[in-house]
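Each chain is listed here by its residues.
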Amino acid sequence: MAAGKGTRMKSGLPKVLHRLGGRALLDHVIGTATAIGARNIVVVTGHGATEVEAALTAMAPGAALHFARQVPQLGTGHAVQQAVPALPEDGTVLVLSGDVPLIGADTLQALIAASAGRRLALLTIAFDDPTGYGRIVRAPGPQGTEGEVTAIVEQKDASEAQRQIREVYSGVMAVPARLLKPWLARLDNRNAQGEYYLTDIVGFATVDGVPVVAHRTDDALQVAGINSPSQLAALERAWQRRQAESLMERGVRLADPARFDLRGTLACESDVEIDVNCVFEGAVSLGAGVRIGANCVIANARIEAGAVIHPFTHIDGEKAGVTVGEGALVGPFARLRPGARLGAEVHIGNFVEVKNSTLAAGAKANHLAYLGDATVGERVNYGAGSITANYDGANKHRTVIGDDVHVGSNCVLVAPVTIGAGGTVGGGSTVSKSTEPGALTVSRARQVSFTNWQRPKKAPKA
């Protein structure tokens, strides 16, 4: 269900498209449904339907998605009614909420097993403060035990005694489609909110003699819904803390787990150290002994064993990816863009940008430089302030720098150009023609000095 307006978010963006852990809330739910092998995924949209449907199609291109519109929005039962034409008669229907992003695959599998193709199974949880949730009403069991579920009573319709019940309905259920469809047809809106409650089907099941079972979870994060920016922020921090704890259990040293953000996947080998305020996005892998300095942003990259990423470095591989070789040193304040491939022991220093370039083992660009669309050989020393001029205003061209080349400071290598192995480019040179191996290349104006030259002086004020 993803039709709600989300008024309390106070945003023009539909609520289910707000992000948690770097992904839209609804994308989390779709991912979990896909992971358990859902045959059909029916997304009920309403507010911002066009935007939600377009975004979801782009986010989950391989999912078996169907869309159903709920206009106007007349309650949860009305929402599920819109999905009926897309529900196979022989299936088990899982009802999920697009603003409850962290429901787990194992929990859903357990709920499906509890339904067993013949029961209505509800996911429940006990809260010390159940305000706002539908209460689980049970028949008295033998010798004071909990009996079968007989109803779910919404907060606004609950009596004072029912409001004391701590066990609540999470909003997640599993029910055979052949039973659900006739129950949906019997819903009415005679209640305090004038809406069609999906929870009323519990009463129908009881009348029809269909068992209603509750699968109880004690993991509040899995059933936490998002209705406001503060709730979203709280869930983000709880989720990030859980991911940090998982990494530390596997041996990763986090300087402060409260100052760590993972917005994708992070695979770490042994003895990885991560300093504070680091953000990992997309798919990132860190080899054994990698050290990440403070305030780094790393996305879609593989960093090999022993490499050190100094503070304030930005690495973003996007689709092409970035690779940092064994023992490489990067930063501080460096930027690696898509297609950067650094070999072993490469040094990329402060304010150096690398894009779509390969640097072989031992190459160094230590200060204030740009390498774009370049192939750099082994042991190259690339001087401060030097750039590859790879764009002619219409097309990109490649620069090739052979092994053991020394490029002086403030040079411009105008692509396409090749600097022969072992060559030297004098500081301040603009090189637009390829050079022979071992050559010294200097291309700059002759120095002229004027003795006893006086700078102009400002005229005195009137």
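Structure's up top.
Please read all numbers here as calculations on a predicted model, not as lab measurements. (Residues numbered from 1 in each chain as written. Predicted model: local features only at pLDDT ≥ 70, side-chain atom pairs only at ≥ 80, totals over all residues. Heavy atoms only, no water.)

Undergrad: Just to check I follow, could you spell out the packing of aromatic side chains for this structure?
TA: The description of an aromatic ring pair rests on the distance of the ring centres and on the angle between the ring planes. Per the counting criterion, the structure on display carries 4 aromatic pairs. Ring centres of Phe127 and Tyr133 lie 5.2 Å apart, and the angle between their planes is 50 degrees; this geometry places the pair in the tilted category. Judged by its relative accessible area of 17%, Phe127 is buried. Aromatic pair Phe333 and Phe351: ring centres 5.3 Å apart, planes at 10 degrees, arrangement stacked. Residue Phe333 is located in the loop between β20 (329-330) and β21 (335-336), and its partner Phe351 is located in the loop between β23 (347-350) and β24 (353-355); the two are separated by 18 residues in the primary sequence. The structure contains a cluster of three or more aromatic residues connected by ring pairs, namely Phe312, Phe333 and Phe351. A cation sits over an aromatic face here: Arg186 above Phe204, 4.6 Å from the ring centre. Here Lys396 stacks its cationic end above the ring of Tyr391, 5.9 Å away from the centre of that ring. (Phe/Tyr/Trp six-rings, centres within 6.5 Å; stacked < 30°, edge-to-face > 60°. Buried < 20%, exposed > 50% of the residue type's maximum accessible area, 1.4 Å probe, protein only. Helix = DSSP H or I, 4+ residues; strand = E, 2+ residues; numbered from the N terminus. Lys NZ or Arg CZ within 6 Å of the ring centre and 35° of its normal.)

Undergrad: I'm lost on the nonpolar core in this one. Help?
TA: As a rule of thumb, soluble globular proteins bury nonpolar side chains together. Ranked by size, the top nonpolar core spans 52 residues in total, and within it Ile274, Phe280, Ile292 and Ile348 carry the most contacts. Sorting the residues of this core by element identifies α8 (229-249), β12 (260-268), β14 (278-286), β16 (297-303), β19 (322-324), β28 (374-376) and β34 (417-419) as the ones contributing at least two each. With 4 residues, the single largest contributor to this core is β14. Beyond its immediate sequence surroundings of up to four residues, Ile274 is in contact with Val252, Arg253, Leu254, Ala255, Phe260, Leu266, Phe280, Leu286 and Ile292. (Core = buried A, V, L, I, M, F, W, Y, C linked by side-chain atoms within 4.5 Å. Contact = heavy atoms within 4.5 Å.)

Undergrad: So what exactly am I meant to see when it comes to the pattern of salt bridges here?
TA: Counted under the stated rule, the structure contains 24 salt bridges. We note a salt bridge from Asp128 to Arg166, for which the minimum N-O separation is 3.1 Å. You can see Asp128 sitting in the loop between β6 (120-126) and β7 (135-140) and its partner Arg166 sitting in the loop between β8 (146-153) and β9 (167-176), a full 38 residues away along the chain. Accessibility expressed as a relative area gives 40% for Arg166, which makes it partly exposed. When salt bridges that share partners are traced, they join Arg237, Asp261, Arg263 and Glu281 into one network. (Salt bridge = Lys/Arg side-chain N within 4 Å of Asp/Glu carboxyl O.)

Undergrad: Where do I start with the pairing of strand β5 (residues 92-95) in this structure?
TA: Side chains on a regular strand alternate between the two faces of the sheet. Where burial is concerned, the two faces of β5 differ: the one with Val93 and Val95 is buried and the one with Thr92 and Leu94 is not. By the bridge criterion, 4 bridges tie β5 to β9 in an arrangement that is antiparallel. Within β9, the position partnered with Val95 by the bridge is Met173. (Pairing = 2+ DSSP bridges.)

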